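Geometric and topological summary
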Amino acid sequence: MFSAYSPRAANAYQRINVETSMHTIDQHQLVSLLYEGVLNSIATARGALARGDVLGKVNAISRAVRILEEGLSTSLDKVDGGELAQNLGALYDYCIHRLILANARNDDALMQEVTRLIEPVATGWNEIKKSGASAAETPTSGQPVLVEA
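Report on the accompanying structure.

The rules we used
- Residues numbered from 1 in each chain as written.
- Predicted model: local features only at pLDDT ≥ 70, side-chain atom pairs only at ≥ 80, totals over all residues.
- Heavy atoms only, no water.
- Helix = DSSP H or I, 4+ residues; strand = E, 2+ residues; numbered from the N terminus.
- Contact = heavy atoms within 4.5 Å.
- Areas by Shrake-Rupley, 256 points an atom, 1.4 Å probe, with all protein chains shown as cover.
- Salt bridge = Lys/Arg side-chain N within 4 Å of Asp/Glu carboxyl O.
- Buried < 20%, exposed > 50% of the residue type's maximum accessible area, 1.4 Å probe, protein only.
- Core = buried A, V, L, I, M, F, W, Y, C linked by side-chain atoms within 4.5 Å.
- 1 Å grid on protein atoms, 1.4 Å probe; cavity = no way out; pocket = protein on both sides within 12 Å on 5 of 7 lines; lining within 4 Å.
- Points joined across faces, edges and corners; volume = space filled by probe spheres on them.
- Nonpolar A, V, L, I, M, F, W, Y, C, P; charged D, E, K, R; others polar.

1. Details of the overall build of the protein chain
Along the protein chain, the regular secondary structure elements total five helices and zero strands. Mapped in sequence order, the helices and strands of the protein chain form the string α-α-α-α-α. Counting only contacts in the protein chain whose residues sit at least 6 apart along the sequence, the fraction spanning at least 24 positions is 59%. Accessible surface for the protein chain amounts to roughly 10,300 Å². Of this, 57% is attributable to carbon and sulfur atoms.

Okay, here's the thing in structure tokens:
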């Protein structure tokens, strides 16, 4: 009646769940998830390095690099983003190069450096949404005010 656990079926379910989530979240949440993914991947790589798990380290660093390249860098508006987009692009490129070097040298300090560079940007990004939500509330009632974008 019940079938045994199937990794293939579980992966398909997870992929559908992620794809469905991607359609229901806003762009701000998507970027937040990308930052979270980079930081989690670096943490995973550091743990794998400490355990001597070379394959785990390589896979985690590769995931972090892909998120920086394919997710965060490509989402920058280089035409209308001005200096901010240029600075973020330069930061992402620098982080990619440091992660590649960390991978080649098995250097935990380089991975820590990237974490220290990305964390404040991720925190600032998340604060944008929080400060926007609190600005939309009225000071007396605490009820949200509808604001047209």
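2. So, the pattern of salt bridges
Taken as a whole, this structure holds six salt bridges when the rule is applied. A salt bridge links Arg-46 to Asp-108; its shortest N-O distance comes to 2.6 Å. Note that Arg-46 is positioned in helix α2 (residues 27–51) and Asp-108 in helix α5 (residues 108–135), a separation of 62 residues in sequence. You can call Asp-108 partly exposed: its relative accessible area is 25%. For Glu-113, the salt bridge is made with Arg-98, and the minimal N-O distance between the two is 3.0 Å. Residue Glu-113 is found in helix α5, and its partner Arg-98 is found in helix α4 (residues 82–105); the two are separated by 15 residues along the sequence.

3. Observations regarding unusual backbone geometry
Even without a glycine there, the phi angle at Asn-106 is positive, about 55°. Relative to the helices and strands, Asn-106 is located in the loop between α4 and α5.

4. Side note on the nonpolar core
In terms of nonpolar packing, the biggest core is built from 27 residues, with Tyr-35, Leu-68, Leu-72, Tyr-92, Leu-99 and Ile-118 touching the most fellow members. Going through the elements one at a time, α2, α3 (54–73), α4 and α5 are the ones with two or more residues in this core. Contact partners of Leu-72, with chain neighbours within four places excluded, come to Val-31, Leu-34, Tyr-35, Val-38, Ile-67 and Tyr-92.

5. Let's talk about the layout of surface pockets
Each pocket or cavity is described by its volume, and for the second largest pocket that value is around 300 Å³. Along its surface, the second largest pocket is lined by 16 residues, and Leu-76, Leu-84, Leu-88, Tyr-92 and Trp-125 are the ones closest to its centre. Secondary structure elements with two or more residues in the lining of the second largest pocket: α2, α4 and α5. For the lining of the second largest pocket, the per-class residue count stands at 11 nonpolar, three polar and two charged.

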